[in-house]
Amino acid sequence: MDHEALLAWYAGRQRPLPWRLEVSAWRTLVSELMCQQTRIETVLPYFARFMEAFPTPLALAEAPTERVLELWSGLGYYSRARNLQRAAQAVVAAGGFPRTVEGLRGLPGVGPYTAGAIASIVFGVDAPLVDGNVERVLARWFAEPEPSRAWLWTRAAELVAPGRAGEWNQALMELGSLVCVPRSPRCGECPVRGDCGGAGNPEAYPRRKVKKAVPRREAVCAWVQRGDRVLLVRRPETGRLAGLWELPGLEGEGNGLDSLGNHLHSALGLRVRSARLCGTVNHTFSHLQLDTAVYVVEADGEPAVVEGGELRWVDVAGLEGVALSTLAKKTLELGGQG
Ligand code: SF4
């Protein structure tokens, strides 16, 4: 097959993304992990702040995890941040990045896609990669309605342009982002349309999977303010949104003001004097929809706040610097208006 059309198109159309303008294994690793399940436009400011704080694996390896989560705050899928820090620690311990796909896959959080990206883009290895964009492009190109993982990786490996795998892989991904988009792909301006088996009916490939309904849960939380400060609790170190801060509350069906009051009393030693419902925040995670009722609560009692513990009073004007999930930000915004 002729690689030149796609490579030439990429040379002229690629977006000047910061990790393309200055290429290194570190910058590629950070950008690839940030871009998983997240739009590039969303990633850009996070990448800039992260690189400023952690310009090298050593800087991240030695940073407090709390600081890492603060800089990841709002980007979602927080296990990526923790894995990135573990990967940085492994790189520091090994004295540098592995230069093969197999070696890279040994780093925490690095799967076949990220390993292929770093190996091909940074180290010039003739390695393929498959992400969501490449999957769609290949399924259409070969008119394959139900591409399996094995089929995709085999096709991707066959197609890699020898000696130019990094460029080729990025060109395929860029084609999927800009031209061979999920809905109404622009086949008329596509550099591979002459070869493409799916060009006549592109949206038939790959066949759409029927989405499962996402379960819904209820939660309730409290905005408790003293002076200019609001009370936050830290989530457990494992599970969803591990280690991030949020308003105190609880999750589960049938929870209302009574159970919130009981929780504030038993877990934090607070006795509710009055409470007012501000509204409900609806937030969708990948496998869960959570409807969180937010109350502004006046309460007596002194929660046991200790330095480095699971509770803290945070200046309402200083919430920007706290490791918060998007959901926590939404509930804080609502509570703060209440
Ligand atoms: S011709 Fe159309 S379907 Fe085929 S790769 Fe290009 S944009 Fe996608």
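These numbers come from a predicted model, not from an experiment.

Observations regarding the domain arrangement of the chain
- What the domain assignment reports for the chain is domain 1 (4-204) and domain 2 (216-337).
- At the boundary of domain 1 with domain 2, total buried surface from both sides reaches about 860 Å², with 40% on carbon and sulfur atoms.
- It is Glu-66, Tyr-78 and Arg-82 that lose the most area in domain 1 upon contact with domain 2, and together they represent 51% of the buried surface on that side.
- Across the contact surface, domain 1 and domain 2 share three salt bridges.
- Top contributing element to the side of domain 1 that touches domain 2 by residue count: helix H6 (residues 65-72), with three residues.
- Split by residue class, the side of domain 1 that touches domain 2 holds four nonpolar, two polar and three charged.

Topic: the site of the ligand
- Every residue lining the ligand is accounted for by Arg-140, Val-179, Cys-180, Cys-187, Cys-190, Val-192, Arg-193, Cys-196, Ala-199 and Pro-202.
- Mapping the ligand onto the cavity grids shows that it belongs to the largest cavity.
- A class-by-class count of the residues in the shell around the ligand yields eight nonpolar, no polar and two charged.

Brief notes about the layout of surface pockets
- Of the voids in this model, the largest pocket is the one considered here, and its volume is about 1,600 Å³.
- In terms of lining residues, the largest pocket is bounded by 42 residues, among which Asp-131, Gly-132, Asn-133, Glu-135 and Arg-136 are the most central.
- When contributions to the lining of the largest pocket are tallied by element, the ones reaching two or more residues are helix H2 (18-21), helix H3 (25-35), helix H4 (40-53), helix H9 (112-121), helix H10 (132-141) and helix H12 (165-178).
- Residue composition of the lining of the largest pocket, grouped by class: 15 nonpolar, ten polar and 17 charged.
- Roughly 480 Å³ of internal volume is contained in the second largest pocket.
- Across the lining of the second largest pocket, the residue classes tally to seven nonpolar, twelve polar and three charged.
- If you count residues domain by domain, the lining of the second largest pocket takes at least three from each of domain 1 (4-204) and domain 2 (216-337).

Some remarks on the pairing of strand S2 (residues 229-234)
- Here S2 lies mainly inside the structure; five of its six residues are buried.
- Alignment of strand S1 (residues 216-226) against S2, held across two bridges, turns out to be antiparallel. Residue Gln-225 lies in a different strand from S2, and its bridge partner there is Val-230.
- In sequence, S1 turns back onto S2 through a hairpin of two residues, with Gly-227 there showing a positive phi of about 60°.
- Examined bridge by bridge, S2 and strand S7 (residues 311-315) share five bridges and lie antiparallel to one another.

Describing the side chain of Thr-331
- Topologically, Thr-331 is positioned in helix H14 (residues 326-337).
- For Thr-331, a relative accessible area of 4% corresponds to the buried category.
- Separated by 2.8 Å, the side chain of Thr-331 and the backbone oxygen of Ala-328 make a polar contact.
- Non-local contacts of Thr-331, meaning those with residues more than four positions away in its chain, are made with Cys-221, Leu-247, Val-281, Thr-292 and Val-294.

A word on empty space enclosed by the protein
- Evaluation of the coordinates by the stated rule reveals one cavity of 30 Å³ or more.
- Of the volumes computed, that of the largest cavity is approximately 110 Å³.
- If you trace the largest cavity, you find 15 residues lining it, with Cys-180, Cys-187, Cys-190, Val-192 and Cys-196 closest to the centre.
- No other element matches H10, which puts three residues into the lining of the largest cavity.

Topic: the packing of aromatic side chains
- The final tally for this structure, using the stated rule, is six aromatic pairs.
- Where Phe-50 meets Trp-72, the ring centres are 5.7 Å apart and the plane angle is 80°; that geometry is what we call edge-to-face. Of this pair, Phe-50 sits in helix H4 while Trp-72 sits in helix H6; the two residues are 22 residues apart in sequence, bridging distant segments of the chain. Comparing Phe-50 with Trp-72 shows no difference in burial state: the two are buried.
- Ring geometry for Phe-142 versus Trp-151: centroids 5.8 Å apart, planes at 85°, classification edge-to-face.
- A relative accessible area of 36% places Phe-142 in the partly exposed class.
- Here a set of aromatic residues connected by ring pairs shows up, and it is made of Trp-141, Phe-142, Trp-151 and Trp-168.
- Directly above the ring of Tyr-46 sits Arg-49, whose terminal nitrogen or CZ lies 4.9 Å from the centroid.
- The cationic tip of Arg-312 hangs over the ring face of Trp-245; the distance from NZ or CZ to the ring centre is 4.8 Å.

What about H6?
- Judged by how many residues are buried, H6 sits mostly within the fold: six of eight residues are covered.
- Burial in H6 covers these residues: Glu-66, Val-68, Leu-69, Glu-70, Leu-71 and Trp-72.
- Remark: Gly-74 follows H6 within two positions and exhibits a positive phi of approximately 100°.

Observations regarding the pairing of strand S6 (residues 289-300)
- For S6, the tally of buried residues reaches ten of twelve residues, placing the bulk of the element in the interior.
- Both S1 and S6 contribute to a ladder of nine bridges, which runs parallel. When the sheet's bridge partners are listed, Ala-219 is paired in S6 with Thr-292.
- Relative to S6, strand S5 (residues 271-284) runs antiparallel, the two being bridged by twelve bridges. Note on S6: the bridge partner recorded for Thr-284 is Gln-289.

Calculation notes
Residues numbered from 1 in each chain as written. Predicted model: local features only at pLDDT ≥ 70, side-chain atom pairs only at ≥ 80, totals over all residues. Heavy atoms only, no water. Domains from an automatic or database assignment. Buried area = accessible area lost by both parts, 1.4 Å probe. Salt bridge = Lys/Arg side-chain N within 4 Å of Asp/Glu carboxyl O. Helix = DSSP H or I, 4+ residues; strand = E, 2+ residues; numbered from the N terminus. Nonpolar A, V, L, I, M, F, W, Y, C, P; charged D, E, K, R; others polar. Near = heavy atom within 4 Å. 1 Å grid on protein atoms, 1.4 Å probe; cavity = no way out; pocket = protein on both sides within 12 Å on 5 of 7 lines; lining within 4 Å. Sits in = over half its atoms within 2 Å of the grid points. Points joined across faces, edges and corners; volume = space filled by probe spheres on them. Buried < 20%, exposed > 50% of the residue type's maximum accessible area, 1.4 Å probe, protein only. Pairing = 2+ DSSP bridges. Polar contact = N/O pair within 3.5 Å; in protein donor to acceptor, adjacent residues only side chain to side chain. Contact = heavy atoms within 4.5 Å. Phe/Tyr/Trp six-rings, centres within 6.5 Å; stacked < 30°, edge-to-face > 60°. Lys NZ or Arg CZ within 6 Å of the ring centre and 35° of its normal.

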